[in-house]
Amino acid sequence: MANDDGDSLAGLRTVLRRVLLTLVGIPFVVAIAMSLVDSYRRRGKRPKPFPTTAPRTVAVGDGDVTTYTFGRDLYDDMLAAIEGAQRQILFETYIWKGDATGERFKRALIAAAERGVDVYCIYDGFANLVVSPAFQRFPSSVKVLRYPVYTAGWRFFDLRRYGRDHRKILVVDDNVGFVGGYNIGSAYESEWRDTHVRITGPAVWDLKRAFADFWNLNRRRRLRTSERPLLLETASTWEPRVRVQRNVPRLWMFPIRAMYIEAINRASRNVWMTQAYFLPDEDFIDAVKAAARRGVDVRLLLPLKSNHIVADWISRGHFTQLLDAGVRILRYRDAMVHAKTATVDGTWATVGTANIDRLSLTGNFEINVEIIDEGFARELEEIFEVDQSNCLELTSGEWEARDVHRKFTEAVLAPLRPLL
């Protein structure tokens with residue numbers, strides 16, 4: 001009798017284990033299959049032209065902020081800043097393609113180092129696994145930190161050590177800093193709709209400190225050129241209208257999520273957000289819905305089809321409750337919109353590298369500038385309106401009428417939501 005009970009218990013455990021593996025495995029298999037099919041379908045396709053705005057500059061405090069919505073405009077100004085550098089260049093990017101555009105940046109940085117400029121470069125090893133190793137070789141005159149693919153070492157249970165370096169920063173001397181969503185590559189130069197800003201004035205020091213802190217946190221035994229820390233003088237002034245918010249997973253610091261939720265909770269007129277990937281947690285969703293229900297004009301601009309099809313499908317799991325609360329969902333067509341921006345009430349705005357998903361808000365190294373200025377907020381609102389002219393708005397009726405197989409796919413992929 002005891003043996004029968006033991007066999008029954010063992011059989012039950014086997015069944016439960018198989019059910020659990022099936023429930024976990026099926027979403028992964030579906031996600032992989034969808035990604036492969038989508039990748040095949042995209043081969044040879046080119047995005048259509050999309051509306052952009054020319055770079056515009058507004059005064060903010062004791063400095064200026066210039067906004068870019070087209071990669072070629074941005075890259076021209078970044079390269080001009082690098083070519084004009086006299087003392088120091090701090091360059092950090094998530095993706096750095098080994099194509100013609102990537103080569104232009106590499107040559108410019110090497111040329112600056114050869115004329116005596118102190119050049120520091122950081123890029124993420126995992127994001128550039130497909131980039132040729134030859135492209136990733138630099139002369140010793142350039143100090144390079146390749147953020148490792150695997151960063152935990154023997155501390156594989158320490159979740160603080162798994163964040164990727166998703167930041168995009170360029171600081172030249174003490175004069176100018178660039179930050180935003182643009183990676184470095186030819187496709188981003190003309191085919192993607194993204195947003196970046198150029199900053200002058202005291203706020204540049206906050207970008208310098210952000211770069212130096214990351215360099216010094218990760219430099220140990222990982223640099224082939226120098227073991228010395230990157231030391232900066234402390235700026236004598238600071239810009240209260242421009243705040244640099246940094247997610248630092250190693251220190252378990254994630255202020256960007258709190259920044260967004262606080263701004264949304266304070267909104268009384270409008271919340272306009274442009275996001276490449278929208279996979280927030282329930283507290284974030286609740287804040288957005290509460291704003292819409294109290295009469296705030298909440299608009300969420302997303303790509304109609306992003307470069308990550310699985311993220312698109314998982315994101316749609318939030319659409320029903322957002323639409324029911326009165327949130328307007330605008331889907332950008334013909335090109336990938338990769339911007340990470342928001343404006344609130346015509347006075348508050350943010351531009352940066354953090355997506356509204358768990359990887360960015362509670363996982364990766366990220367950086368956003370938070371700017372409290374009516375002129376800059378008005379600038380981002382005008383850019384939003386231009387982007388909205390290239391969107392298809394999703395209505396509640398259209399959403400509820402979607403095919404059964406779409407609803408089924410959303411349900412199958414839902415277990416992956418906490419991972420993204």
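What counts and how
- Residues numbered from 1 in each chain as written.
- Predicted model: local features only at pLDDT ≥ 70, side-chain atom pairs only at ≥ 80, totals over all residues.
- Heavy atoms only, no water.
- Axes fitted to C-alpha atoms, helices over the stretch in contact; angles between N-to-C directions.
- Helix = DSSP H or I, 4+ residues; strand = E, 2+ residues; numbered from the N terminus.
- Parallel < 35°, antiparallel > 145°, perpendicular 65-115°, else oblique.
- Left-handed = near helix turned anticlockwise from the far one by under 90°.
- Contact = heavy atoms within 4.5 Å.
- Nonpolar A, V, L, I, M, F, W, Y, C, P; charged D, E, K, R; others polar.
- Buried < 20%, exposed > 50% of the residue type's maximum accessible area, 1.4 Å probe, protein only.
- Pairing = 2+ DSSP bridges.
- Salt bridge = Lys/Arg side-chain N within 4 Å of Asp/Glu carboxyl O.

> Mind showing me how you'd approach the packing of helix 2 (residues 71–83) against helix 3 (residues 100–114) here?
Geometrically, a packed helix pair is captured by the angle between its two axes and the distance between the axes. Relative to each other, helix 2 and helix 3 sit at 15 degrees, their axes nearing to 9 Å. What the angle tells us is that helix 2 and helix 3 run roughly parallel. The interaxial crossing formed by helix 2 with helix 3 has left-handed handedness. Across the interface between the two elements, Tyr75, Asp76, Met78, Leu79 and Ile82 from helix 2 touch Thr101, Arg104, Phe105, Ala108, Leu109 and Ala112 from helix 3. Class assignment for the residues of the contact of helix 2 with helix 3 results in eight nonpolar, one polar and two charged.

> Looking at this structure, how should I read the pairing of strand 13 (residues 297–303)?
In the case of a regular strand, side chains alternate between the two sheet surfaces. Burial within strand 13 is extensive, with six of its seven residues counted as buried. Of the strand pairs in this sheet, strand 11 (residues 270–274) and strand 13 are connected by five bridges, and their pairing is parallel. Counterpart to threonine 274 in the pairing with strand 13 is leucine 301.

> Explain the pattern of salt bridges here, please?
Pairs can form between side chains of opposite charge whenever their charged atoms are close. Tallying each qualifying case throughout the model produces 24 salt bridges. Aspartate 76 is paired through a salt bridge with arginine 104; the nearest N and O atoms lie 3.7 Å apart. Remark: arginine 104 occurs in helix 3 and aspartate 76 occurs in helix 2; sequence separation between them is 28 residues. Judged by its relative accessible area of 39%, aspartate 76 falls in the partly exposed class. A salt bridge links aspartate 334 to arginine 333, with the shortest nitrogen-to-oxygen separation between them at 3.3 Å.

> Just to check I follow, could you spell out unusual backbone geometry for this structure?
Most peptide bonds take the trans form, and the phi angle of most residues other than glycine is negative. The residue aspartate 173 is not glycine, and still its phi comes out positive at about 50 degrees. With respect to the helices and strands, aspartate 173 occurs in the loop between strand 6 (169–172) and strand 7 (176–180).

> Even after reading the chapter, I still don't get the packing of helix 6 (residues 255–266) against helix 7 (residues 282–293), so can you show me in this structure?
In contact at an axis separation of 9 Å, helix 6 and helix 7 are set at 20 degrees when each is read in the N-to-C sense. Taken together, the axes of helix 6 and helix 7 are roughly parallel relative to one another. In the crossing of helix 6 with helix 7, the sense of the turn from one axis to the other is left-handed. Here Arg257, Tyr260, Ile261, Ile264 and Asn265 of helix 6 come into contact with helix 7, specifically with Asp283, Phe284, Ala287, Val288 and Ala291. Counted by class, the contact of helix 6 with helix 7 contains seven nonpolar, one polar and two charged residues.

> Please clarify how the sheet that holds strand 16 (residues 341–344) should be interpreted in this entry.
In a beta sheet, neighbouring strands are held together by backbone hydrogen bonds and run either parallel or antiparallel to one another. Read across the open sheet, the eight strands follow the order 10-19-17-16-11-13-14-20; overall the sheet is mixed. Every interior strand has two partners, whereas the edge strands, strand 10 (242–247) and strand 20 (391–394), have only one. Sheet twist, expressed as the average angle between the axes of neighbouring strands with direction ignored, equals 15 degrees. Pairing geometry for strand 10 and strand 19 (residues 366–372), over six bridges, is antiparallel. Paired with arginine 246 across the bridge in strand 19 is isoleucine 367.

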